Amino acid sequence: MKKLLSLLVIAVMALAMVGCSGNSAGGETKTAVINVYTRDASSGTREAFEGAIGLEEGELTSNVSEVSSNGDMATKVGADENGIGYVSLTTNFEANNIKPLSFEGVAPSNETVLDGTYKMQRPFMYVTRASGDYASEDLEQLTAAFVAYITESEEGLSVIESAGGIVDYTNAKPWAEIAVSYPVLNQDNSALTIRTCGSTSVEKCISAALEAFQPLAGNVNYAMNQTGSSDGQARVLGDEKDGANAAEIGFASRAFKEEEDVSGAMASGEFCKDAVVAVVNANNALENITASQLHDIYAGSVTDFGDLK
């Protein structure tokens, strides 16, 4: 009888230990060691995220996994029930098995970014090559037309918005009114290619815009090589503008830095806004997180979901 009671006690203890590990989809946040994910140092998303949570240089915990892109972040956290990371609002959360968290009690959305209540936001910026520094005059005009499409036209802004970008239609015009300024659009441009580079976070928006623009621009080709915001200016105006990874338009998911001189560009500016969103695995019960909690997780002073208060 004593042996049977001992076995029952052991079984109950084992079940209790299992119940205290991991996070439940049922709504109760349970004990689980947090696996922290961050972007590489060249990422504009990382810069915006760390700024929003007050993480200073040198504070980042050494117990962190670095990922290479927005898509890589979504994939890694989606495959890790104890993972936490951050992605662009343009990310397909459901497809990647991740849950977007409210930040300081405010859910990330187009509306909360535009009204300013969601604080973890940043601009999506573009910069082009300098006037006269294109393979041909036609390619220069096509690049200018594409910039006008994504920044001035109702149709282009709608495409950006449909892909998750947050846009302002205040001064938008029908594309037909804008297109007349670019006669190059009326010829066959299938031998030309617009190349883009820079931020990976803009990829969904810009891919959708280029696809929509292509039949409007004489079937011009496009090639995207998004590797990080720090490459945006460098590959159109900087040291790499004539290298193997040169491009016509560079993008950054943050404001261009003082050392990233864009004054010589044919055009540069903001084409939409975006939110940076803290995410966990879809099975995690967590719904909201604060800047202080994220700071402590990324600084390494909070290492368990059960310690979030």
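Procedures and definitions
Residues numbered from 1 in each chain as written. Predicted model: local features only at pLDDT ≥ 70, side-chain atom pairs only at ≥ 80, totals over all residues. Heavy atoms only, no water. Helix = DSSP H or I, 4+ residues; strand = E, 2+ residues; numbered from the N terminus. Buried < 20%, exposed > 50% of the residue type's maximum accessible area, 1.4 Å probe, protein only. Contact = heavy atoms within 4.5 Å. 1 Å grid on protein atoms, 1.4 Å probe; cavity = no way out; pocket = protein on both sides within 12 Å on 5 of 7 lines; lining within 4 Å. Points joined across faces, edges and corners; volume = space filled by probe spheres on them. Nonpolar A, V, L, I, M, F, W, Y, C, P; charged D, E, K, R; others polar. Polar contact = N/O pair within 3.5 Å; in protein donor to acceptor, adjacent residues only side chain to side chain. Pairing = 2+ DSSP bridges. Phe/Tyr/Trp six-rings, centres within 6.5 Å; stacked < 30°, edge-to-face > 60°. Axes fitted to C-alpha atoms, helices over the stretch in contact; angles between N-to-C directions.

(A) Examining the overall build of the protein chain more closely. On a plain count of helices and strands, the protein chain comes out with ten helices and eleven strands. When each of the 309 residues of the protein chain is scored for burial, the buried share is 49%. Relative to all contacts within the protein chain whose residues are 6 or more apart in sequence, the contacts with residues 24 or more apart total 77%.

(B) Structural view of helix α10 (residues 291-299). For α10, the complete set of buried residues consists of A291, Q293, L294, H295, I297 and Y298. For α10, the secondary structure elements touched by its buried residues are β1 (35-39), α2 (44-53), β3 (83-88), β5 (102-103), β10 (268-281) and β11 (288-289). Just downstream of α10, G300 is the residue with a positive phi angle, here 90°.

(C) Examining the layout of surface pockets more closely. Considered as a void within the structure, the largest pocket measures approximately 230 Å³ in volume. T151, L157, D168, E270 and F271 are, among the 14 residues lining the largest pocket, the residues nearest its centre. Looking at the lining of the largest pocket, the elements that each hand over two or more residues are α5 (137-152) and β10. Of the residues contributing to the lining of the largest pocket, the split by class is seven nonpolar, three polar and four charged. Volume-wise, the second largest pocket comes out at about 150 Å³. Around the second largest pocket sit A41, S43, R46, E47, E50, G51, L55, E56 and E57, which together line it. Looking at the lining of the second largest pocket residue by residue, the class counts come to two nonpolar, two polar and five charged.

(D) Spotlight on the side chain of R122. Within the fold, R122 resides in strand β6 (residues 121-128). Judged by relative accessible area, R122 falls into the buried class, the value being 4%. Within the local environment of R122, its side chain forms a polar contact with the backbone oxygen of S253, the two atoms lying 2.9 Å apart.

(E) Quick peek at the pairing of strand β9 (residues 249-252). Every second residue of β9 is oriented toward a common face, with I249 and F251 on one face and G250 and A252 on the other, all of them buried. Where strand β7 (residues 193-198) meets β9, three bridges bridge the pair, whose relative direction is parallel. Bridging from a neighbouring strand, C197 pairs with G250 of β9.

(F) Local environment of the packing of aromatic side chains. All chains considered together, the criterion is met by ten aromatic pairs. In textbook terms, an aromatic cluster arises when at least three aromatic residues are bridged by ring pairs, as seen for F146, Y149, W175 and F213.

(G) Summary view of the environment of I297. In this fold, I297 is placed in helix α10. Since its relative accessible area comes to 1%, I297 is described here as buried. Counting along the chain gives 213 residues from I297 to I84, while the straight-line C-alpha distance between them is 9.1 Å. Among residues more than four places away in sequence, those in contact with I297 are I34, V36, T61, I84, I289, V302 and L308.

(H) A look at the packing of α2 against α10. At a closest axis distance of 8 Å, the pairing of α2 and α10 adopts a crossing angle of 115°. Mapping the contact onto sequence places F49, A52 and I53 in α2 and A291, L294, H295 and Y298 in α10. Across the contact of α2 with α10, the residue classes break down as six nonpolar, one polar and no charged.

(I) Fine view of the side chain of N189. Locating N189 in the fold gives a position in the loop between α7 (175-179) and β7. Setting aside its immediate chain neighbours within four residues, N189 contacts L142, V184, A217, G218, N219, V220 and N221.

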